[in-house]
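Residues per chain, in single letters:
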Amino acid sequence: MNLRLSSVNAELKRRDVEVFTEAVGTYFERTTRKKATVRSAYLLESRDAFPLSDFTGTITLSGRFRGIVCFTAPRVLLHHVLMMTGESDHSDLAHCDLIGEIANQFAGQARRHFGGGLEISPPALLMGHAHVIPRLAGNYPFVLPLTWHGYEGSLIVHMEPNP
Amino acid sequence: MRQRLLIVDDSMTTRNRIARVMDDPRLTGLRVVGQARDGAEALQLARSQQPDVVTMDLTMPTMDGAECISALVSLLPDVRILVISALSDKLTAIRVLKRGAHGFLQKPFEDHQLVETMIEAIHL
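A. Layout of helix α2 (residues 75-84) of chain A. Residue and element names in this part refer to chain A. Within the span of α2, buried status applies to Leu 77, Leu 78, Val 81 and Leu 82. On an axial view of α2, the arc spanned by its buried residues comes to 140°, and they lie on one face. Downstream of α2 by a residue or two, Gly 86 has a phi angle that is positive, lying close to 85°.

B. Expanded view of the packing of α2(A) against helix α3 (residues 92-114) of chain A. Residue and element names in this part refer to chain A. Relative to each other, α2 and α3 sit at 85°, their axes nearing to 10 Å. Comparing the axis directions of α2 and α3 gives the class roughly perpendicular. Listed contacts from α3 to Arg 75, Leu 78, Val 81 and Leu 82 of α2 are Ala 94, His 95, Leu 98 and Ile 99. The residue inventory of the contact of α2 with α3, partitioned by class, reads six nonpolar, one polar and one charged.

C. Up close: the confidence of the model for chain B. Residues of chain B with pLDDT of at least 70 account for 99%, and the chain-wide mean is 93. Confidence metrics for the complex model read pTM 0.89 and ipTM 0.88.

D. Region of the structure containing the packing of helix α1 (residues 14-32) of chain A against α3(A). Residues and elements named next belong to chain A. Axis separation between α1 and α3 bottoms out at 9 Å; the angle between their running directions is 135°. Considering the angle they form, α1 stands oblique to α3. Of the two elements, α1 crosses α3, and the hand of that crossing is right-handed. Contacts between α1 and α3 involve Val 19, Phe 20, Glu 22, Ala 23, Val 24 and Tyr 27 from the first element and Ile 102, Gln 105, Phe 106, Gln 109, Ala 110 and His 113 from the second. When its residues are assigned to classes, the contact of α1 with α3 shows eight nonpolar, three polar and one charged.

Quick notes on the rules
Residues numbered from 1 in each chain as written. Chains lettered and ligands numbered in written order. Predicted model: local features only at pLDDT ≥ 70, side-chain atom pairs only at ≥ 80, totals over all residues. Buried ≥ 20, exposed ≤ 12 C-beta atoms within 10 Å, placed from the backbone. Helix = DSSP H or I, 4+ residues; strand = E, 2+ residues; numbered from the N terminus. Arc of directions from axis to C-beta. Axes fitted to C-alpha atoms, helices over the stretch in contact; angles between N-to-C directions. Parallel < 35°, antiparallel > 145°, perpendicular 65-115°, else oblique. Contact = placed C-beta atoms within 7 Å. Nonpolar A, V, L, I, M, F, W, Y, C, P; charged D, E, K, R; others polar. pLDDT = per-residue confidence, 0-100. Left-handed = near helix turned anticlockwise from the far one by under 90°.

Written out as structure tokens, the structure is:
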């Protein structure tokens, strides 16, 4: 992964972001036995909206850090995961459930990496692209595009230490 | 006689996957008797279905897994509980084992890991 942290997000260490890419990567590898490839990260400009896809799972952080971490993916990617795991329910509900379970992996990984004093919300689920996710002032979200089985999703990390 | 298994997880796709893995030939001694979305529903089903074995998620609405484990052990002292959770830090593991869980499997898991951990947890 080619990850360059800019000075505006200097408080966030490279490793702080990598724990979330590992969480997604481990999910795909263990659940489907197919690895996901994380491509070069980029910073989202302040004028740009979050690049949300068909389904998004988000956890909110508070306590030692604040912000959000989310995974967003097209229907076709999630549909393929459902098929590969033998799931016969291919409804919107099943897709939402799956993206929530992927986001839920962030919670475990964050708890292990950041330790105590970090509050993590249960995953919030979004369907569709027309959602506004609140931004932290002066902080630029990291977007980490991810390819799995030829489909593209994105991990978005938008967090900072809580003063 | 086959042991009765209750699956507790707030994720429907995860519950279904666990149920499918229980079809593994090495787990013929188990039979799924119910699925619950949270701790409160698990206790209701435990009263009616009297499971011998429970797979338990930890982060759930209404009643979380740790609280549910304590209640289950009071209700069914001989029940064997396998925790399956993304929250797998040492403190969490120790906390749930102290409450009466018999095994711990970290999410995400591969099917064979679930089979092997289940066999170990319930001495099949």
